[in-house]
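Breakdown of the fold
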Amino acid sequence: MGALFNTTNILLPKQGIDRTKWTVIACDQFTSDQDFWARVAAKAKDVPSTLHMILPEAWLGRIDEAARAKEINQTMQRYLAEDLFSTVPDSLIYVERTLRSGHVRRGIVGAIDLEQYDVSPDSNSSLRATERIVPSRLPARVEIRRGAALEVPHILVLIDDPEGGIMELADHTSDLEPLYDFPLMENCGHLRGYRLAGAEAEQVTAKINALPILLVGDGNHSLVAAKMAWDEKKAKLSEAERLTHPARYAMVEINNIHEESLEIEPIHRIVFEAKGDLIAAFLAAHEGVAPGQGEGYTIDYLDRGNSGSFTIPNRTVGETIDLLQTFLDAYVDQHGGEIDYIHGDEELEKLAKQPESIAFFMPQIEKSDLFTSVIRGGVFPKKSFSMGEGADKRHYFECREI
(Lines give C-alpha, C1' and ligand atoms only; values in the text may rest on other atoms or scores of the structure.)
Protein backbone atom coordinates (compact mmCIF):
# COMPACT_ATOMS: atom_id res chain seq x y z
CA MET A 1 0.00 0.00 0.00
CA GLY A 2 1.25 3.49 -0.83
CA ALA A 3 1.50 6.61 1.26
CA LEU A 4 -1.47 7.98 3.19
CA PHE A 5 -0.94 11.65 2.22
CA ASN A 6 0.15 12.49 -1.32
CA THR A 7 0.74 15.19 -3.91
CA THR A 8 -1.92 15.37 -6.61
CA ASN A 9 -3.05 17.30 -9.69
CA ILE A 10 -5.00 20.30 -8.39
CA LEU A 11 -7.40 22.39 -10.47
CA LEU A 12 -7.81 26.12 -9.82
CA PRO A 13 -10.24 28.55 -11.48
CA LYS A 14 -8.45 30.46 -14.23
CA GLN A 15 -7.58 34.12 -14.00
CA GLY A 16 -10.55 36.21 -14.99
CA ILE A 17 -12.99 34.21 -12.86
CA ASP A 18 -14.11 36.18 -9.80
CA ARG A 19 -12.50 34.11 -7.06
CA THR A 20 -14.49 35.68 -4.25
CA LYS A 21 -17.73 34.61 -5.95
CA TRP A 22 -16.20 31.24 -6.90
CA THR A 23 -15.46 30.42 -3.27
CA VAL A 24 -18.21 29.58 -0.77
CA ILE A 25 -18.19 28.25 2.78
CA ALA A 26 -18.54 24.56 3.72
CA CYS A 27 -22.00 23.11 3.06
CA ASP A 28 -22.62 22.20 6.72
CA GLN A 29 -22.46 25.79 7.99
CA PHE A 30 -25.39 28.10 8.80
CA THR A 31 -27.75 25.15 8.41
CA SER A 32 -30.70 27.05 9.88
CA ASP A 33 -29.86 30.42 8.34
CA GLN A 34 -31.69 30.58 5.02
CA ASP A 35 -30.86 34.29 4.70
CA PHE A 36 -27.12 33.57 4.65
CA TRP A 37 -27.43 31.09 1.80
CA ALA A 38 -29.87 33.37 -0.05
CA ARG A 39 -27.22 36.12 0.01
CA VAL A 40 -24.56 33.68 -1.22
CA ALA A 41 -26.86 32.45 -4.00
CA ALA A 42 -27.53 36.01 -5.10
CA LYS A 43 -23.80 36.78 -5.31
CA ALA A 44 -23.06 33.55 -7.20
CA LYS A 45 -25.98 33.84 -9.61
CA ASP A 46 -25.03 33.44 -13.28
CA VAL A 47 -21.29 33.23 -12.55
CA PRO A 48 -18.96 30.22 -12.10
CA SER A 49 -19.02 29.26 -8.43
CA THR A 50 -18.45 26.28 -6.16
CA LEU A 51 -21.97 26.96 -4.86
CA HIS A 52 -23.19 25.27 -8.03
CA MET A 53 -21.15 22.16 -7.15
CA ILE A 54 -22.40 21.61 -3.59
CA LEU A 55 -25.67 21.09 -1.72
CA PRO A 56 -25.85 23.35 1.36
CA GLU A 57 -27.37 21.40 4.22
CA ALA A 58 -29.66 24.37 4.89
CA TRP A 59 -31.50 23.24 1.75
CA LEU A 60 -31.92 19.60 2.80
CA GLY A 61 -35.60 18.67 2.87
CA ARG A 62 -36.52 21.92 1.13
CA ILE A 63 -35.55 21.05 -2.46
CA ASP A 64 -35.54 18.01 -4.72
CA GLU A 65 -32.18 16.57 -3.63
CA ALA A 66 -31.92 14.00 -6.42
CA ALA A 67 -32.53 16.70 -9.03
CA ARG A 68 -29.98 18.94 -7.31
CA ALA A 69 -27.38 16.13 -7.34
CA LYS A 70 -27.94 15.65 -11.07
CA GLU A 71 -27.64 19.38 -11.66
CA ILE A 72 -24.40 19.52 -9.66
CA ASN A 73 -22.84 16.71 -11.65
CA GLN A 74 -23.89 18.35 -14.92
CA THR A 75 -22.33 21.62 -13.75
CA MET A 76 -19.04 19.87 -13.03
CA GLN A 77 -18.99 18.38 -16.52
CA ARG A 78 -19.82 21.77 -18.01
CA TYR A 79 -17.07 23.56 -16.10
CA LEU A 80 -14.57 21.01 -17.40
CA ALA A 81 -15.90 21.31 -20.96
CA GLU A 82 -15.70 25.11 -20.77
CA ASP A 83 -12.04 24.87 -19.73
CA LEU A 84 -12.47 26.98 -16.59
CA PHE A 85 -9.50 25.43 -14.80
CA SER A 86 -5.74 25.62 -14.81
CA THR A 87 -3.85 22.57 -13.52
CA VAL A 88 -1.21 22.61 -10.79
CA PRO A 89 0.42 19.22 -11.46
CA ASP A 90 1.73 16.76 -8.89
CA SER A 91 1.77 19.29 -6.07
CA LEU A 92 0.68 20.32 -2.62
CA ILE A 93 -0.63 23.79 -1.80
CA TYR A 94 0.51 25.66 1.29
CA VAL A 95 -2.49 27.69 2.47
CA GLU A 96 -2.72 30.77 4.67
CA ARG A 97 -6.26 31.54 5.81
CA THR A 98 -6.74 34.87 7.54
CA LEU A 99 -9.63 34.50 9.96
CA ARG A 100 -12.08 37.21 10.96
CA SER A 101 -10.05 37.71 14.14
CA GLY A 102 -6.99 38.54 12.04
CA HIS A 103 -5.17 35.36 13.04
CA VAL A 104 -3.72 33.21 10.24
CA ARG A 105 -4.41 29.47 10.05
CA ARG A 106 -1.80 27.55 8.07
CA GLY A 107 -2.55 24.37 6.13
CA ILE A 108 -1.29 22.01 3.45
CA VAL A 109 -3.64 20.76 0.72
CA GLY A 110 -3.04 17.31 -0.76
CA ALA A 111 -4.74 13.93 -1.27
CA ILE A 112 -5.58 11.22 1.27
CA ASP A 113 -5.67 7.54 0.26
CA LEU A 114 -9.20 6.34 1.10
CA GLU A 115 -7.99 2.74 1.24
CA GLN A 116 -6.25 3.70 4.48
CA TYR A 117 -9.32 5.30 6.04
CA ASP A 118 -11.51 3.15 8.28
CA VAL A 119 -14.82 4.78 9.21
CA SER A 120 -15.66 2.38 12.06
CA PRO A 121 -15.80 3.92 15.58
CA ASP A 122 -13.19 1.46 16.94
CA SER A 123 -10.79 1.96 14.04
CA ASN A 124 -7.05 1.45 14.53
CA SER A 125 -6.13 2.87 11.12
CA SER A 126 -3.63 5.69 10.69
CA LEU A 127 -6.46 8.05 9.66
CA ARG A 128 -9.41 8.09 12.05
CA ALA A 129 -12.70 9.86 12.48
CA THR A 130 -13.19 12.06 15.53
CA GLU A 131 -17.00 11.99 15.65
CA ARG A 132 -19.88 9.70 14.87
CA ILE A 133 -21.89 10.74 11.85
CA VAL A 134 -25.46 11.97 11.43
CA PRO A 135 -26.89 9.33 9.03
CA SER A 136 -29.40 11.73 7.47
CA ARG A 137 -26.55 13.96 6.26
CA LEU A 138 -24.95 11.20 4.14
CA PRO A 139 -27.30 10.17 1.28
CA ALA A 140 -27.18 13.50 -0.59
CA ARG A 141 -23.37 13.67 -0.35
CA VAL A 142 -22.92 10.08 -1.49
CA GLU A 143 -25.29 10.63 -4.42
CA ILE A 144 -23.32 13.68 -5.54
CA ARG A 145 -19.94 11.96 -5.14
CA ARG A 146 -21.17 8.86 -6.95
CA GLY A 147 -21.66 10.76 -10.20
CA ALA A 148 -19.13 13.55 -9.73
CA ALA A 149 -16.43 14.43 -12.26
CA LEU A 150 -14.80 16.72 -9.70
CA GLU A 151 -14.33 16.97 -5.99
CA VAL A 152 -14.19 20.27 -4.17
CA PRO A 153 -13.10 19.75 -0.56
CA HIS A 154 -13.76 21.26 2.84
CA ILE A 155 -12.16 18.43 4.85
CA LEU A 156 -9.60 19.38 7.52
CA VAL A 157 -7.27 16.62 8.74
CA LEU A 158 -5.34 17.18 11.96
CA ILE A 159 -1.75 16.25 12.75
CA ASP A 160 -0.11 16.20 16.19
CA ASP A 161 3.15 18.11 15.64
CA PRO A 162 4.01 19.90 18.92
CA GLU A 163 7.20 21.46 17.57
CA GLY A 164 5.46 22.80 14.47
CA GLY A 165 8.23 21.64 12.17
CA ILE A 166 5.98 20.44 9.34
CA MET A 167 4.24 23.77 8.83
CA GLU A 168 7.56 25.58 9.21
CA LEU A 169 8.94 23.35 6.45
CA ALA A 170 6.17 24.55 4.14
CA ASP A 171 6.10 28.16 5.34
CA HIS A 172 8.72 30.02 3.29
CA THR A 173 6.42 31.92 0.99
CA SER A 174 9.06 34.21 -0.50
CA ASP A 175 10.55 31.14 -2.21
CA LEU A 176 7.23 29.64 -3.36
CA GLU A 177 5.10 30.19 -6.44
CA PRO A 178 1.99 32.20 -5.44
CA LEU A 179 -1.25 30.68 -6.73
CA TYR A 180 -4.05 32.77 -5.26
CA ASP A 181 -4.63 35.70 -2.92
CA PHE A 182 -8.15 37.11 -2.47
CA PRO A 183 -10.89 38.03 0.05
CA LEU A 184 -13.68 35.61 0.91
CA MET A 185 -17.32 36.62 0.65
CA GLU A 186 -19.58 37.43 3.59
CA ASN A 187 -16.71 38.97 5.60
CA CYS A 188 -15.17 35.53 6.20
CA GLY A 189 -11.53 36.57 5.90
CA HIS A 190 -8.85 36.08 3.25
CA LEU A 191 -7.20 33.16 1.43
CA ARG A 192 -3.67 32.77 0.03
CA GLY A 193 -2.09 29.72 -1.56
CA TYR A 194 1.42 28.77 -2.69
CA ARG A 195 2.62 25.78 -4.68
CA LEU A 196 4.78 23.08 -3.06
CA ALA A 197 6.30 20.68 -5.58
CA GLY A 198 9.31 18.46 -6.20
CA ALA A 199 11.76 17.87 -3.34
CA GLU A 200 9.95 20.34 -1.06
CA ALA A 201 6.66 18.49 -1.42
CA GLU A 202 8.40 15.15 -0.90
CA GLN A 203 9.86 16.39 2.39
CA VAL A 204 6.47 17.55 3.62
CA THR A 205 4.59 14.37 2.66
CA ALA A 206 7.37 12.22 4.20
CA LYS A 207 7.08 14.09 7.51
CA ILE A 208 3.29 13.77 7.57
CA ASN A 209 3.32 10.10 6.59
CA ALA A 210 5.82 9.35 9.37
CA LEU A 211 3.24 10.40 12.00
CA PRO A 212 1.48 7.47 13.71
CA ILE A 213 -2.05 8.85 13.48
CA LEU A 214 -4.04 11.61 11.74
CA LEU A 215 -7.54 12.71 12.77
CA VAL A 216 -10.40 14.06 10.68
CA GLY A 217 -11.07 17.42 12.33
CA ASP A 218 -13.75 18.79 9.99
CA GLY A 219 -15.64 17.20 7.12
CA ASN A 220 -16.20 13.76 8.66
CA HIS A 221 -19.40 13.32 6.64
CA SER A 222 -17.75 14.31 3.36
CA LEU A 223 -14.87 11.89 3.90
CA VAL A 224 -17.27 9.06 4.80
CA ALA A 225 -19.27 9.84 1.63
CA ALA A 226 -16.07 9.75 -0.45
CA LYS A 227 -15.14 6.41 1.12
CA MET A 228 -18.58 4.93 0.48
CA ALA A 229 -18.57 6.09 -3.14
CA TRP A 230 -15.06 4.68 -3.65
CA ASP A 231 -16.02 1.31 -2.16
CA GLU A 232 -18.91 1.15 -4.65
CA LYS A 233 -16.73 2.15 -7.58
CA LYS A 234 -13.77 -0.11 -6.84
CA ALA A 235 -16.00 -3.19 -6.82
CA LYS A 236 -16.30 -2.71 -10.59
CA LEU A 237 -12.57 -2.14 -11.21
CA SER A 238 -9.69 -4.51 -11.79
CA GLU A 239 -6.90 -4.75 -9.21
CA ALA A 240 -4.64 -2.70 -11.47
CA GLU A 241 -7.29 0.01 -11.96
CA ARG A 242 -7.85 0.26 -8.22
CA LEU A 243 -4.22 1.20 -7.65
CA THR A 244 -4.34 4.40 -9.66
CA HIS A 245 -7.98 5.45 -10.00
CA PRO A 246 -8.34 9.10 -8.89
CA ALA A 247 -11.54 8.36 -6.92
CA ARG A 248 -9.39 6.31 -4.54
CA TYR A 249 -8.21 9.64 -3.11
CA ALA A 250 -9.88 12.58 -1.41
CA MET A 251 -8.40 16.06 -1.31
CA VAL A 252 -8.00 17.52 2.19
CA GLU A 253 -6.25 20.28 4.05
CA ILE A 254 -3.77 19.27 6.76
CA ASN A 255 -3.71 21.41 9.93
CA ASN A 256 -1.52 21.12 13.02
CA ILE A 257 -3.62 20.85 16.19
CA HIS A 258 -1.00 22.96 17.98
CA GLU A 259 -1.39 26.01 15.70
CA GLU A 260 -2.31 29.00 17.88
CA SER A 261 -4.90 30.13 15.35
CA LEU A 262 -6.67 26.77 15.32
CA GLU A 263 -9.42 26.69 17.93
CA ILE A 264 -11.83 23.90 18.77
CA GLU A 265 -15.33 25.25 19.24
CA PRO A 266 -18.32 23.29 20.56
CA ILE A 267 -21.19 22.54 18.20
CA HIS A 268 -24.38 23.50 19.97
CA ARG A 269 -27.82 21.87 19.84
CA ILE A 270 -31.20 23.44 19.25
CA VAL A 271 -34.61 21.77 19.24
CA PHE A 272 -37.17 23.51 17.04
CA GLU A 273 -40.91 23.08 17.70
CA ALA A 274 -40.11 21.56 21.08
CA LYS A 275 -43.03 19.92 22.81
CA GLY A 276 -43.63 19.70 26.56
CA ASP A 277 -41.18 20.44 29.37
CA LEU A 278 -38.03 18.98 27.83
CA ILE A 279 -35.67 20.29 30.53
CA ALA A 280 -37.72 18.81 33.37
CA ALA A 281 -37.90 15.49 31.53
CA PHE A 282 -34.13 15.42 31.10
CA LEU A 283 -33.48 16.16 34.78
CA ALA A 284 -36.02 13.55 35.88
CA ALA A 285 -34.46 10.91 33.64
CA HIS A 286 -30.90 11.32 34.92
CA GLU A 287 -30.12 10.87 38.59
CA GLY A 288 -27.32 13.16 39.75
CA VAL A 289 -27.90 15.78 37.06
CA ALA A 290 -28.92 18.94 38.90
CA PRO A 291 -30.06 22.46 37.96
CA GLY A 292 -27.44 25.18 38.14
CA GLN A 293 -23.67 25.00 38.28
CA GLY A 294 -21.80 22.33 40.20
CA GLU A 295 -19.03 19.77 39.97
CA GLY A 296 -18.88 18.44 36.42
CA TYR A 297 -19.76 19.85 33.01
CA THR A 298 -22.34 22.64 33.07
CA ILE A 299 -24.63 23.15 30.07
CA ASP A 300 -26.40 26.48 29.71
CA TYR A 301 -29.68 26.57 27.84
CA LEU A 302 -32.33 28.93 26.49
CA ASP A 303 -35.80 27.42 26.87
CA ARG A 304 -38.31 29.47 24.89
CA GLY A 305 -36.37 32.60 25.85
CA ASN A 306 -35.79 31.64 29.50
CA SER A 307 -32.17 30.98 30.46
CA GLY A 308 -30.94 28.28 32.80
CA SER A 309 -28.28 25.65 33.31
CA PHE A 310 -27.70 22.15 34.63
CA THR A 311 -24.59 20.19 35.57
CA ILE A 312 -23.73 16.63 34.54
CA PRO A 313 -21.28 15.09 37.05
CA ASN A 314 -18.80 12.21 36.87
CA ARG A 315 -18.46 12.05 33.08
CA THR A 316 -15.93 12.98 30.45
CA VAL A 317 -16.81 15.73 28.01
CA GLY A 318 -17.56 13.11 25.34
CA GLU A 319 -19.83 11.20 27.72
CA THR A 320 -21.56 14.46 28.68
CA ILE A 321 -22.34 15.28 25.05
CA ASP A 322 -23.47 11.70 24.43
CA LEU A 323 -25.83 11.74 27.42
CA LEU A 324 -27.66 14.84 26.23
CA GLN A 325 -27.64 13.81 22.57
CA THR A 326 -29.09 10.36 23.31
CA PHE A 327 -31.87 11.94 25.35
CA LEU A 328 -32.68 14.57 22.71
CA ASP A 329 -32.84 11.96 19.94
CA ALA A 330 -35.26 9.83 21.97
CA TYR A 331 -37.35 12.81 23.12
CA VAL A 332 -37.82 14.16 19.61
CA ASP A 333 -38.69 10.70 18.30
CA GLN A 334 -41.43 10.43 20.95
CA HIS A 335 -42.73 13.99 21.19
CA GLY A 336 -41.83 15.59 17.87
CA GLY A 337 -39.62 18.52 16.99
CA GLU A 338 -36.40 18.86 15.02
CA ILE A 339 -32.77 18.95 16.19
CA ASP A 340 -30.15 21.05 14.47
CA TYR A 341 -26.42 21.51 15.11
CA ILE A 342 -25.22 25.10 15.31
CA HIS A 343 -21.72 26.58 15.05
CA GLY A 344 -21.24 29.70 17.18
CA ASP A 345 -22.87 31.28 20.24
CA GLU A 346 -24.20 34.26 18.30
CA GLU A 347 -25.93 32.10 15.71
CA LEU A 348 -27.48 29.91 18.44
CA GLU A 349 -28.77 32.91 20.38
CA LYS A 350 -30.39 34.30 17.24
CA LEU A 351 -32.11 31.01 16.42
CA ALA A 352 -33.23 30.52 20.03
CA LYS A 353 -35.53 33.54 19.63
CA GLN A 354 -37.83 31.45 17.45
CA PRO A 355 -41.00 30.27 19.25
CA GLU A 356 -40.95 26.81 20.79
CA SER A 357 -37.16 26.52 20.53
CA ILE A 358 -34.78 25.17 23.16
CA ALA A 359 -31.06 25.83 22.68
CA PHE A 360 -28.15 24.12 24.46
CA PHE A 361 -24.66 25.62 24.72
CA MET A 362 -22.41 22.58 24.63
CA PRO A 363 -19.19 22.20 26.68
CA GLN A 364 -15.73 23.05 25.37
CA ILE A 365 -13.35 20.29 24.23
CA GLU A 366 -9.72 21.17 24.92
CA LYS A 367 -7.64 20.66 21.79
CA SER A 368 -4.69 19.40 23.84
CA ASP A 369 -6.84 16.39 24.81
CA LEU A 370 -8.22 15.57 21.36
CA PHE A 371 -5.68 13.04 20.12
CA THR A 372 -5.42 11.30 23.50
CA SER A 373 -9.21 11.11 23.83
CA VAL A 374 -9.70 9.52 20.40
CA ILE A 375 -6.82 7.06 20.84
CA ARG A 376 -8.04 5.96 24.29
CA GLY A 377 -11.78 6.28 24.01
CA GLY A 378 -12.68 6.23 20.34
CA VAL A 379 -14.79 8.76 18.47
CA PHE A 380 -16.82 11.54 20.05
CA PRO A 381 -20.60 11.71 19.63
CA LYS A 382 -21.88 13.16 16.37
CA LYS A 383 -21.37 16.90 15.88
CA SER A 384 -19.36 17.38 19.08
CA PHE A 385 -16.96 20.09 17.96
CA SER A 386 -15.89 22.35 15.14
CA MET A 387 -12.54 23.72 14.04
CA GLY A 388 -13.32 27.38 14.64
CA GLU A 389 -16.47 29.48 14.42
CA GLY A 390 -18.85 29.10 11.50
CA ALA A 391 -17.44 32.00 9.45
CA ASP A 392 -13.91 30.62 9.88
CA LYS A 393 -14.68 27.23 8.35
CA ARG A 394 -12.89 26.04 5.25
CA HIS A 395 -14.19 27.44 1.98
CA TYR A 396 -14.40 25.48 -1.26
CA PHE A 397 -11.78 26.60 -3.76
CA GLU A 398 -9.43 23.94 -5.18
CA CYS A 399 -10.83 21.09 -7.28
CA ARG A 400 -9.60 17.70 -8.42
CA GLU A 401 -10.82 15.34 -11.14
CA ILE A 402 -12.11 12.05 -9.79
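Residues numbered from 1 in each chain as written. Predicted model: local features only at pLDDT ≥ 70, side-chain atom pairs only at ≥ 80, totals over all residues. Heavy atoms only, no water.

**A few points about the overall build of the protein chain**
- When its secondary structure is counted, the protein chain shows twelve helices and 19 strands.
- Along the first, second and third principal axes, the C-alpha set of the protein chain runs to 60 × 45 × 45 Å.
- Burial statistics for the protein chain: of 402 residues in total, 57% are counted as buried.
- For the protein chain, contacts bridging at least 24 residues in sequence account for 79% of all contacts bridging at least 6. (Helix = DSSP H or I, 4+ residues; strand = E, 2+ residues; numbered from the N terminus. Buried < 20%, exposed > 50% of the residue type's maximum accessible area, 1.4 Å probe, protein only. Contact = heavy atoms within 4.5 Å.)

**Digging into helix 12 (residues 370-377)**
- Turning to helix 12, its buried residues are Leu370, Phe371 and Val374. The buried residues of helix 12 all sit within an arc of 100° when viewed along its axis, so they share a single face. Summarising the geometry of helix 12, the exposed residues directed more than 90 degrees from the buried face are Arg376 and Gly377.
- Residues of helix 12 that are buried sit in contact with strand 7 (156-159), strand 10 (214-218), strand 12 (264-272) and strand 18 (385-387). (Arc of directions from axis to C-beta.)

**Some words on the nonpolar core**
- Trp37, Ile108, Leu127, Tyr180, Ile208, Leu214 and Ile254 are the most contacted members of the largest nonpolar core, which totals 87 residues.
- Excluding anything up to four places from it in sequence, Trp37 contacts Ile25, Ala26, Cys27, Gln29, Phe30, Leu51, Ile54, Pro56, Ala58 and Trp59.
- Among the nonpolar cores identified, the runner-up in size contains 39 residues, and Ile213, Phe327, Val332 and Met387 belong to it. (Core = buried A, V, L, I, M, F, W, Y, C linked by side-chain atoms within 4.5 Å.)

**Some thoughts on the packing of helix 3 (residues 65-81) against helix 4 (residues 139-146)**
- At a minimum axis distance of 9 Å, the contact between helix 3 and helix 4 shows a crossing angle of 30°. Taken as axis vectors, helix 3 and helix 4 run roughly parallel relative to one another. Once helix 3 is placed against helix 4, the crossing between them reads as right-handed. Along the contact surface, helix 3 presents Glu65, Ala69, Ile72 and Asn73, while helix 4 presents Ala140, Glu143 and Ile144. (Axes fitted to C-alpha atoms, helices over the stretch in contact; angles between N-to-C directions. Parallel < 35°, antiparallel > 145°, perpendicular 65-115°, else oblique. Left-handed = near helix turned anticlockwise from the far one by under 90°.)

**Here we look at the packing of helix 9 (residues 278-285) against helix 10 (residues 317-335)**
- Put simply, helix 9 and helix 10 touch, their axes get as near as 11 Å, and they point 125° apart. By the angle between their directions, the pair helix 9 and helix 10 is classed as oblique. Crossing of helix 9 over helix 10 shows right-handed handedness. Touching Leu278, Ala281, Phe282 and Ala285 of helix 9 are Leu323, Leu324, Phe327, Leu328 and Tyr331, all from helix 10.
- The residue makeup of the contact of helix 9 with helix 10, split by class, is nine nonpolar, no polar and no charged. (Nonpolar A, V, L, I, M, F, W, Y, C, P; charged D, E, K, R; others polar.)

**Focus on a negative patch on the surface**
- Negative charge collects at one region of the surface, where Asp345, Glu346, Glu349 and Glu389 lie side by side.
- Here Glu349 shows up in helix 11 (residues 345-351).
- Classification of Glu349 as partly exposed rests on a relative accessible area of 40%. (Patch = residues over 30% accessible without salt bridge, like charges linked within 9 Å, V, L, I, M, F, W, Y side chains within 5 Å. Areas by Shrake-Rupley, 256 points an atom, 1.4 Å probe, with all protein chains shown as cover. Salt bridge = Lys/Arg side-chain N within 4 Å of Asp/Glu carboxyl O. Lys, Arg positive; Asp, Glu negative; His and termini not counted. Charge placed at Lys NZ, Arg CZ, Asp CG, Glu CD.)

**Side note on the environment of Thr23**
- In this fold, Thr23 is placed in the loop between helix 1 (19-22) and helix 2 (34-44).
- Placed 66 residues apart in sequence, Thr23 and Pro89 show a C-alpha to C-alpha distance of 21 Å.
- Among the polar contacts made by the side chain of Thr23, one reaches the main-chain carbonyl oxygen of Arg19 at a distance of 2.7 Å. (Polar contact = N/O pair within 3.5 Å; in protein donor to acceptor, adjacent residues only side chain to side chain.)

**Quick look at the pairing of strand 14 (residues 297-303)**
- Of the pairings in the sheet, the one linking strand 14 to strand 15 (residues 306-312) comprises seven bridges and is antiparallel in character. Paired with Thr298 across the strands is Thr311, a residue of strand 15.
- Pairing of strand 14 with strand 17 (residues 358-361) involves four bridges; the strand directions are antiparallel. Across the sheet, residue Leu302 finds its bridge partner in strand 17, namely Ala359. (Pairing = 2+ DSSP bridges.)

**Observations regarding the pattern of salt bridges**
- Applying the stated criterion across every chain yields a total of 31 salt bridges.
- The partner of Asp231 in a salt bridge is Lys227, and the shortest N-O contact between them spans 4.0 Å. Of this pair, Asp231 and Lys227 both sit in helix 7 (residues 220-234), four residues apart, which is roughly one turn of that helix.
- Lys227 gets classed as buried once you look at its relative accessible area, which sits at 11%.

**Looking at the side chain of Asn73**
- Counting through the fold element by element, Asn73 comes out in helix 3.
- The exposure class of Asn73 is buried, given its relative accessible area of 13%.

**Quick look at the side chain of Lys382**
- Mapped onto the secondary structure, Lys382 falls in the loop between helix 12 and strand 18.
- Side chain to side chain, Lys382 and Asp329 meet in a polar contact 3.3 Å long.
- The contact partners of Lys382, leaving out residues within four places of it in the chain, are Glu131, Arg132, Ile133, Val134, Arg269, Gln325, Asp329 and Tyr341.

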